[in-house]
Amino acid sequence: MAQIIKAERSIIPACDCSLEKFVDILKATCDLKEVGAYKIGSSLALRRGFSDIINTAYSSYMSNRIEENNWKPLIYDHQKGGTDIPDTAKEFAAIMKGYGMGAAILFPFSGPPTLKAYVTELRDAGVEPIVGGEMTHKGFFDYEGGYLSYTSVVNIYRDAANLGVTNFVVPGNKALRIKF
């Protein structure tokens, strides 16, 4: 199990934005010790591609921090990555490693075999998995008119923890859930 962020607690700016806004975020925060990593959303990745994102991060505002061994990792959020069949995990992990992602966020709604495959393949590639289960919006759970049961979401977190996962996405707007 790799440690993604050096600090015990940190802020991770969500970079679900344009490349230009990403540069602004880097400029404004790369010197802040409280910022431990940057989350790259799928909209930015789809719009610009990983090469542009990585090159921008390295060359624009983070390059001098690399020599100081103070590079802040990039975490890719595929917006519910890990929901495909288990056979897709190896290629996903290879892509994440190939672009130097420190971690990738998964929401393994398609079941335990997919969760296990994605966690295993990411770790084998040297990319730390971060697992989510619950979403922030109303209408997610079956008791709110959604499709998933609370028990199913608890099982995702439990199964991930049993696989040795120690990094999780939890809904920040549901503070009572975070206490568990």
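What you are looking at is a predicted structure, and each value in this text was computed from that prediction instead of being measured.

Scoring rules and cut-offs
- Residues numbered from 1 in each chain as written.
- Predicted model: local features only at pLDDT ≥ 70, side-chain atom pairs only at ≥ 80, totals over all residues.
- Heavy atoms only, no water.
- Salt bridge = Lys/Arg side-chain N within 4 Å of Asp/Glu carboxyl O.
- Core = buried A, V, L, I, M, F, W, Y, C linked by side-chain atoms within 4.5 Å.
- Buried < 20%, exposed > 50% of the residue type's maximum accessible area, 1.4 Å probe, protein only.
- Helix = DSSP H or I, 4+ residues; strand = E, 2+ residues; numbered from the N terminus.
- Contact = heavy atoms within 4.5 Å.
- 1 Å grid on protein atoms, 1.4 Å probe; cavity = no way out; pocket = protein on both sides within 12 Å on 5 of 7 lines; lining within 4 Å.
- Points joined across faces, edges and corners; volume = space filled by probe spheres on them.
- Nonpolar A, V, L, I, M, F, W, Y, C, P; charged D, E, K, R; others polar.
- Patch = residues over 30% accessible without salt bridge, like charges linked within 9 Å, V, L, I, M, F, W, Y side chains within 5 Å.
- Areas by Shrake-Rupley, 256 points an atom, 1.4 Å probe, with all protein chains shown as cover.
- Axes fitted to C-alpha atoms, helices over the stretch in contact; angles between N-to-C directions.
- Left-handed = near helix turned anticlockwise from the far one by under 90°.
- Expected span 1.5 Å × (residues − 1).
- Arc of directions from axis to C-beta.
- Pairing = 2+ DSSP bridges.

J.: Sorry, what's going on with the pattern of salt bridges here?
T.: Close approach of charged atoms allows side chains of opposite charge to pair. Scanning all chains against the criterion turns up eight salt bridges. Sharing partners across several salt bridges, the network here consists of Asp16, Lys39 and Asp77.

J.: I keep staring at the nonpolar core and nothing clicks. Help me out?
T.: Generally speaking, a soluble globular protein has its nonpolar side chains buried in company with each other. One finds Phe22, Tyr38 and Met96 to be the most contacted residues of the largest nonpolar core, which totals 36 residues. When contributions to this core are tallied by element, the ones reaching two or more residues are helix H1 (19-29), strand E2 (38-41), helix H2 (42-67), strand E3 (74-77), helix H3 (89-98), strand E4 (103-106), helix H4 (112-124) and helix H5 (150-162). Looking at this core, the element that brings in the most residues is H2, giving six residues. Aside from chain neighbours lying at most four places away, what touches Phe22 is Cys15, Cys17, Tyr38, Ile40, Leu44, Ile53, Ala57 and Leu74.

J.: In this structure, what is going on with the layout of surface pockets? I would like to understand it.
T.: One water molecule sets the probe size; rolling that probe over the atoms shows where empty space is left. One number sums up the size of the largest pocket: a volume of about 850 Å³. Ile5, Ser10, Ile12, Ile130 and Phe168 are, among the 25 residues lining the largest pocket, the residues nearest its centre. Going through the elements one at a time, E3 and strand E6 (168-169) are the ones with two or more residues in the lining of the largest pocket. Of the residues that constitute the lining of the largest pocket, the class distribution is 14 nonpolar, five polar and six charged.

J.: How should I be thinking about a nonpolar patch on the surface in this particular structure?
T.: A contiguous nonpolar patch, built from Tyr143, Tyr150 and Val154 and spanning about 280 Å² of accessible area, is present on the exposed surface. Within the element layout of this structure, Val154 appears in helix H5. Here Val154 falls in the partly exposed class, since its relative accessible area comes to 36%.

J.: Explanation requested: the packing of H3 against H4 in the structure shown.
T.: Two quantities define a packed helix pair, namely the angle between the axes and the distance from one axis to the other. At a minimum axis distance of 8 Å, the contact between H3 and H4 shows a crossing angle of 35°. In this structure, H3 crosses over H4, and the sense of that crossing is right-handed. Residues Ala89, Lys90, Phe92, Ala93 and Met96 of H3 touch H4, and the partners they reach there are Ala117, Tyr118, Glu121 and Leu122. Here the contact of H3 with H4 is built from residues that sort into seven nonpolar, no polar and two charged.

J.: Just to check I follow, could you spell out H5 for this structure?
T.: Helical geometry note: an α-helix holds 3.6 residues per turn, so side chains three or four residues apart project in the same direction. Along its 13 residues, H5 runs 18 Å from first to last C-alpha, staying within 8% of the 18 Å computed at 1.5 Å per residue. Taken as a whole, H5 has its buried residues at Val153, Ile156, Tyr157, Asp159 and Ala160. One face of H5 carries all of its buried residues, which in axial projection span an arc of 165°. Facing away from the buried surface of H5 by more than 90 degrees, the exposed residues are Thr151 and Asn162. Close packing links the buried residues of H5 with H4, strand E5 (128-132) and E6.

J.: Any chance you could explain the sheet that holds strand E1 (residues 14-15) here in plain terms?
T.: To summarise the sheet geometry, strands pair through backbone hydrogen bonds and adopt either a parallel or an antiparallel arrangement. Within the open sheet, the six strands sit side by side as E1-E2-E3-E4-E5-E6. Their pairing is parallel. The outermost strands of the open sheet, each flanked by one partner alone, are E1 and E6. Direction of pairing for E1 relative to E2: parallel, over a ladder of two bridges. Residue pairing for E2: Cys15 is matched across the bridge by Ile40. Contacts from H1 reach E1, E2 and E3, with the element oriented near 175° to E2.

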